[in-house]
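Close look at the chain arrangement
So the chains spell out like this:
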There are 2 protein chains.
Amino acid sequence: MDKNVLKSSDLKNTKRRMAILEVLENSSIPLTAEEIYSHVIKTVHLSLSTAYRTLGTLSEKGILLKNLCQDGKTYYQINSHQHKHQLVCTLCNQTVPIDDCPLSIIEKNLIKQTGFTITGHSLEFSGICPKCAKHN
Amino acid sequence: MDKNVLKSSDLKNTKRRMAILEVLENSSIPLTAEEIYSHVIKTVHLSLSTAYRTLGTLSEKGILLKNLCQDGKTYYQINSHQHKHQLVCTLCNQTVPIDDCPLSIIEKNLIKQTGFTITGHSLEFSGICPKCAKHN
DNA sequence: GTTAGTGCAAACTCTTTGCAGCACT
DNA sequence: AGTGCTGCAAAGAGTTTGCACTAAC
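Residues numbered from 1 in each chain as written. Chains lettered and ligands numbered in written order. Predicted model: local features only at pLDDT ≥ 70, side-chain atom pairs only at ≥ 80, totals over all residues. Heavy atoms only, no water.

1. Let's talk about the overall build of chain A
Along its length, chain A carries six helices and six strands. Taken from N to C terminus, the helices and strands of chain A fall in the order α-α-β-α-α-β-β-β-β-α-β-α. Principal-axis analysis of the C-alpha atoms places the extent of chain A at approximately 45 × 45 × 25 Å. Across the 136 residues of chain A, 41% fall into the buried class. Across chain A, the fraction of contacts at a sequence separation of at least 24, relative to all contacts at a separation of at least 6, is 48%. If you sum the accessible surface of chain A, you get close to 7,900 Å²; carbon and sulfur atoms cover 50% of it. Charge-centre separation for chain A: the mean point of 16 positive side chains lies 5 Å from the mean point of 12 negative side chains. (Helix = DSSP H or I, 4+ residues; strand = E, 2+ residues; numbered from the N terminus. Buried < 20%, exposed > 50% of the residue type's maximum accessible area, 1.4 Å probe, protein only. Contact = heavy atoms within 4.5 Å. Areas by Shrake-Rupley, 256 points an atom, 1.4 Å probe, with all protein chains shown as cover. Lys, Arg positive; Asp, Glu negative; His and termini not counted. Charge placed at Lys NZ, Arg CZ, Asp CG, Glu CD.)

If you want it as structure tokens, here you go:
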């Protein structure tokens with residue numbers, strides 16, 4: 001991601017923010033604040049509250065997508081306009097990304113039916129992964 | 001709902017449980033623990049922790065469906081095998097139930113692709129309702 | 001009578017916030 | 001230099017849990 005994303009959103013270009021964005025760019029799945037924090041702290045000092053604050057700011061600016069999942073944790077991902085949902089094993093927590101979002105057609109119908117402007121959605125599947133199914 | 005739901009799940013038939021189930025039966029939308037508690041307490045004394053414990057138990061038994069939504073609260077509804085999702089206005093919190101769940105086809109594809117057994121899903125749309133769109 | 005259910009208070013997890021000090025432009 | 005960013009510690013929301021008491025079977 002271009003280093004100007006921050007500037008063009010009127011945000012200062014700091015080490016911590018760059019590091020956070022980098023972690024998310026290199027991840028194929030959405031990550032929690034804790035996960036991002038753990039990655040970043042290996043190379044750049046930062047506090048957990050800064051992680052939360054930064055992730056919040058970047059989400060407000062539309063740079064990130066923020067999603068509260070069924071495990072009670074908030075997951076963040078780069079807003080690439082090609083967002084992903086997750087399929088999570090309830091036993092081992094294995095997470096499989098769902099690459100294409102199947103909801104656009106459904107959203108169109110909802111707009112017609114309710115008159116709402118739809119600004120987002122959250123979708124999460126849970127199940128048992130093949131490994132866990134074998135071992136239980 | 002039949003009063004035998006509890007018995008057939010090896011649960012004792014108590015005033016509080018009946019009251020909680022009744023509130024959910026009479027609601028057209030999923031409710032939070034707090035909302036359920038507030039309704040029930042008008043007629044039957046109960047503590048918030050009992051509400052949480054009961055809702056948890058009933059969800060485990062498959063009598064209720066439990067869903068953590070983007071507002072950070074867990075919503076409960078009767079598991080009628082005709083569950084509902086929600087469309088929530090991010091400004092006024094108006095909630096519109098989505099009556100038919102559009103995900104069964106998508107789930108079938110996921111099963112093929114991942115080998116998971118799918119046991120549940122959560123889906124939530126957010127947007128701006130027509131009223132709020134006018135007033136802003 | 002026994003086991004499951006309940007109330008209360010305390011604890012727990014994830015996240016947010018107030019304030020003083022620091023770093024980017 | 002000025003404003004926004006950060007760290008730390010404390011607080012907040014929603015939910016869970018330990019223990020003693022109570023009620024259903």
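2. Quick notes on the environment of E22 of chain A
Within the secondary structure, E22 of chain A sits in helix α2 (residues 15–25). Along the chain, E22 of chain A and Y52 of chain A lie 30 residues apart, while their C-alpha atoms are 16 Å from each other.

3. Topic: the protein's contact with DNA strand D
Close contacts around DNA strand D come from 21 residues, with R17 and T50 of chain A together with Y52, K73 and T74 of chain B the closest. A breakdown of the atoms of DNA strand D within 4 Å of the protein gives sugar and phosphate a share of 67%. Separating a phosphate oxygen of DNA strand D from a backbone N or O atom of S47 of chain A is a distance of 2.8 Å. One of the side-chain N or O atoms of Y52 of chain B is found 2.3 Å from a phosphate oxygen in DNA strand D. Among the secondary structure elements, those contributing two or more residues to the surface near DNA strand D are α2 and α4 (48–60) of chain A together with α4 (48–60) of chain B. (Near = heavy atom within 4 Å. Polar contact = N/O pair within 3.5 Å; in protein donor to acceptor, adjacent residues only side chain to side chain.)

4. Quick word on the interface of chain B and chain A
It is common to give the size of an interface as the accessible area lost on bringing the parts into contact. Tallying the contact residues gives 34 residues for chain B and 34 residues for chain A. Carbon and sulfur atoms make up 68% of the area that chain B and chain A hide from each other, which totals about 2,700 Å². Where chain B packs against chain A, one counts 12 residue pairs in polar contact (both at pLDDT 80 or more). Where the side of chain B that touches chain A is concerned, the elements lending two or more residues are β2 (64–68), β4 (85–89), β5 (95–98), α5 (104–114) and β6 (117–128) of chain B. With 12 residues, β6 of chain B is the largest single contributor of residues to the side of chain B that touches chain A. The residue inventory of the side of chain B that touches chain A, partitioned by class, reads 18 nonpolar, 13 polar and three charged. The pairing of strand β6 (residues 117–128) of chain A with β6 of chain B spans 11 bridges and is classified as antiparallel. Within β6 of chain B, the residue paired with T117 of chain A across the bridge is I128 of chain B. (Buried area = accessible area lost by both parts, 1.4 Å probe. Nonpolar A, V, L, I, M, F, W, Y, C, P; charged D, E, K, R; others polar. Pairing = 2+ DSSP bridges.)

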